[in-house]
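Structural overview for review
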Amino acid sequence: RSTLFPYTTLFRSQPLGKGTPFKGGAVSGHSALGFCLAAIISFVANNSIVTLISFAMAILIAESRVGAKIHSLAEVIFGAILGISIATILFKIIV
């Protein structure tokens, strides 16, 4: 599990030939991690307020990456999809 995020962080800039390991790339690792944690919290908490707050925090992470011009909106969205997908797959396997 823990090896997926370093993998996406190190190799995210390679497929499109854009970005460096520390700036930009094909997928936002910060967004992926934020949305993965938000999805895990929502699966575990079963509380709509906690879920709303966790996804609001993930959105703030994603927005900060776009606002700092480190990632484009598409890269952040792909990161969010990746993070939620990983959390969903893990919970389908575990539970």
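Residues numbered from 1 in each chain as written. Predicted model: local features only at pLDDT ≥ 70, side-chain atom pairs only at ≥ 80, totals over all residues. Heavy atoms only, no water.

**Brief notes about helix α2 (residues 29-45)**
Heads up, the condition is: To qualify as a helix, a DSSP run of H or I must reach at least 4 residues; to qualify as a strand, a run of E must reach at least 2; elements of each kind are numbered from the N terminus. By this rule, a helix spans an expected 1.5 Å times one less than how many residues it contains. Whether a residue is buried, partly exposed or exposed follows from its accessible area with a 1.4 Å probe, protein chains only, as a fraction of its type maximum: under 20%, in between, or over 50%, in that order.
For α2, which comprises 17 residues, the first-to-last C-alpha distance of 24 Å matches the rise-based estimate of 24 Å (1.5 Å per residue) to within 8%. Listed in full, the buried residues belonging to α2 are Gly-29, Ser-31, Ala-32, Gly-34, Phe-35, Cys-36, Ala-38, Ala-39 and Ser-42. Trailing α2 by a residue or two, Asn-46 shows a phi angle of about 50°, which is positive.

**Re unusual backbone geometry**
Phi angles above zero are rare outside glycine, and Asn-46 is one such case at about 50°. Along the polypeptide, Asn-46 turns up in the loop between α2 and α3 (48-67). The backbone of Lys-69 sits at a positive phi, close to 60°, despite the residue not being glycine. Among the structural elements, Lys-69 can be located in the loop between α3 and α4 (73-94).

**Examining the nonpolar core**
In plain terms, the rule: Residue types Ala, Val, Leu, Ile, Met, Phe, Trp, Tyr and Cys, when buried and joined through side-chain atoms within 4.5 Å, form a set referred to as a nonpolar core. Working rule for contacts: check all heavy atoms of both residues, and any pair within 4.5 Å makes them a contact.
Phe-35, Ala-38, Ala-58, Ala-62, Val-76 and Ala-80 form the largest nonpolar core, which has six residues in total. Where this core is concerned, the elements lending two or more residues are α2, α3 and α4. With near-sequence residues (within four places) excluded, Phe-35 lies in contact with Phe-55, Ala-58, Ile-59, Ala-62, Ala-80, Gly-83 and Ile-84.

**Some remarks on the packing of aromatic side chains**
Which entries qualify depends on this criterion: Only rings of Phe, Tyr and Trp enter the pairing, Trp through its six-membered ring, and a pair is recorded when the two centres are within 6.5 Å. The plane angle decides the type: under 30 degrees is stacked, over 60 is edge-to-face, the rest tilted.
This model, assessed by the stated rule, comprises two aromatic pairs. Ring centres 6.2 Å apart and planes at 50° place the aromatic pair Phe-35 and Phe-55 in the tilted group. Taken together, the residues Phe-35 in helix α2 and Phe-55 in helix α3 connect sequence positions 20 residues apart. A relative accessible area of 9% means that Phe-35 is categorised as buried. On the basis of relative accessibility, which here comes to 22%, the residue Phe-55 falls in the partly exposed class. Ring plane angle 45° and centroid distance 4.9 Å describe the contact between Phe-43 and Phe-91, whose orientation is recorded as tilted. With Phe-43 in helix α2 and Phe-91 in helix α4, this pair connects stretches of sequence that are 48 residues apart. Take Phe-91: its relative accessible area is 24%, and that puts it in the partly exposed class.

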